[in-house]
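What follows is each chain in one-letter form.
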Amino acid sequence: MDDVLRIRDLHKKFGRRRRVVHANAGIDLTVAAGQVLGLLGHNGAGKSTLVNQVVGLLRPDAGQIVLDGVDAVAHPEQARRLTSVQAQANVPITGLTPRTAIELVGRIRGGDTAQVRTRTSHLIDALELGEWANTQSEKVSGGVARLTAFAMAAVVPGRLVVLDEPTNDVDPVRRRLLWREIRALADDGAAVLLVTHNVREAERVVDRLVVLDNGTVLADDTPAALTQSRSGTLTLEVDMLPSVDTVPMLRLAWPEGLVVTDRGQGRATAAVPADQAAAVVAWASETLAAGRIERYALTPASLEDVYIELVGSQTTNEEIAA
């Protein structure tokens, strides 16, 4: 595949003397045409710094960024023309309707008037925004504004499409529609760099996953390859009673051999060897019937499990699952 974005040995630090923070410390990655690359990492891992350098808002201290053959460090203005961006914060479109805002961006990006109108109508229909398409932006919800921002980035997509937390504030039904349109961008030939915390949903559309931690790449591979190491392991999720830690008789006696990998906010997650699945289900069913837990689920290992394993306890459940 044609590499649209190629980053080599990228370095960026902030501060001075003893308070230097290495936001990016030798990052290498590529995004090819027709590919969705998921960029994951806890807050402060270096994701936003990386994206800001790609689109020319920050200059690297060292390293190379090549975007569709253009040296993005030397020619950031050319790189920006090749890139469509949905920023983490919604674009202010006060005084405009979603339809007008989407069409306006399409025209600014050089799209033919008729084609832009057709593409705008497609996105509005695909994301089920018709009810609000002609409503002043001040009167629409945060979720509608978020979907409008995505459509503004997708109406005339660049060779590289950067989406920073595109599902924030979007309801579950329209999140599914949004993921479908993100996949369609890549299928139509764009390279998509997707910054997200929603590991479970992103798993459906990403071709490759890069995990950042403290400015370095911890993993870069396909979802299948990343989960392969846990193919013989299942994941047990347990919703605990609010009083489970304060009332001694309600404290859980976990089955022998179970490894609790994450705990907090009333939920515990444990790794379960596949050959112990039947015994663990029996224990969980009995514990549920006894009223000592509220819910349990036993599922195959997922990207979320791999992600937690890689970044450790620095990441909370709220940061990895919407």
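For the structure, check the block above.
Below, the structure is looked at part by part. (Residues numbered from 1 in each chain as written. Predicted model: local features only at pLDDT ≥ 70, side-chain atom pairs only at ≥ 80, totals over all residues. Heavy atoms only, no water.)

**Considerations on helix α9 (residues 277–289)**
Next up, step 1: Here α9 is 13 residues long and its end C-alpha atoms lie 18 Å apart, about the 18 Å a rise of 1.5 Å per residue gives.
Next up, step 2: Those residues of α9 that sit buried are Ala277, Val280, Trp283, Ala284 and Thr287. End-on, the buried residues of α9 take up no more than an arc of 125 degrees, which puts them together on one face. Of the exposed residues in α9, the ones pointing more than 90 degrees away from its buried face are Ala278, Ala279, Glu286 and Ala289.
Next up, step 3: Against the buried residues of α9 lie β11 (233–240), β13 (267–273) and β14 (293–300).
Next up, step 4: Phi for Gly291, located one or two positions after α9, is positive at around 75 degrees. (Helix = DSSP H or I, 4+ residues; strand = E, 2+ residues; numbered from the N terminus. Expected span 1.5 Å × (residues − 1). Buried < 20%, exposed > 50% of the residue type's maximum accessible area, 1.4 Å probe, protein only. Arc of directions from axis to C-beta. Contact = heavy atoms within 4.5 Å.)

**Looking at the sheet that holds strand β10 (residues 216–221)**
Next up, step 1: Taken together, the six strands give an open sheet; going across it, the order is β6-β7-β8-β3-β9-β10, and neighbouring strands pair in mixed fashion. At either margin of the open sheet sits one strand with a lone partner, and together these are β6 (83–86) and β10. Between one strand axis and the next, the sheet turns by 15 degrees as a mean value, whatever way the strands run.
Next up, step 2: Two strands pair when backbone bridges link them, and strand β7 (residues 160–164) and strand β8 (residues 191–195) are joined in this way by five bridges, in the parallel orientation. In the sheet register, Val162 faces β8, and the bridge partner there is Leu193.
Next up, step 3: Set on the sheet, helix α6 (residues 172–187) makes contact with β3 (36–40), β7 and β8; between it and β8 the angle comes to about 145 degrees.
Next up, step 4: Contacts from helix α10 (residues 303–311) reach β3, β9 (208–213) and β10, with the element oriented near 25 degrees to β9. (Pairing = 2+ DSSP bridges. Axes fitted to C-alpha atoms, helices over the stretch in contact; angles between N-to-C directions.)

**So, the side chain of Thr227**
Next up, step 1: Secondary-structure assignment places Thr227 in helix α8 (residues 223–228).
Next up, step 2: With a relative accessible area of 16%, Thr227 lands in the buried category.
Next up, step 3: Among the polar contacts made by the side chain of Thr227, one reaches the main-chain carbonyl oxygen of Ala224 at a distance of 3.2 Å.
Next up, step 4: Among all residues touching Thr227, those that are not within four sequence positions of it are Ala301, Ser302, Leu303 and Val306. (Polar contact = N/O pair within 3.5 Å; in protein donor to acceptor, adjacent residues only side chain to side chain.)

**Notes on the nonpolar core**
Next up, step 1: Of all hydrophobic cores here, the largest spans 34 residues; its most connected members are Leu127, Phe150, Leu163, Ile182, Val192 and Leu194.
Next up, step 2: When contributions to this core are tallied by element, the ones reaching two or more residues are α3 (98–108), α4 (113–126), α5 (142–154), β7, α6 and β8.
Next up, step 3: The residues contacting Leu163, other than those within four sequence positions of it, are Gln86, Phe150, Ile182, Val192, Leu193, Leu194 and Val195. (Core = buried A, V, L, I, M, F, W, Y, C linked by side-chain atoms within 4.5 Å.)

**Things to note about the pairing of β10**
Next up, step 1: Bridge analysis of β9 against β10 gives five bridges, and the strand direction is antiparallel. Directly across from Val210, in β10, lies its bridge partner Asp220.
Next up, step 2: Taking the residues between adjacent antiparallel strands as the criterion, β9 and β10 are bridged by two residues, where Asn214 takes a positive phi near 50 degrees.

**Considering the packing of aromatic side chains**
Next up, step 1: Applying the stated rule across the entire model yields one aromatic pair.
Next up, step 2: With 5.4 Å between their ring centres and 35 degrees between their planes, Trp254 and Trp283 make a pair best called tilted. Taken together, the residues Trp254 in the loop between β11 and β12 (259–264) and Trp283 in helix α9 connect sequence positions 29 residues apart.
Next up, step 3: Under the relative-accessibility criterion, Trp254 is labelled partly exposed at 22%. (Phe/Tyr/Trp six-rings, centres within 6.5 Å; stacked < 30°, edge-to-face > 60°.)

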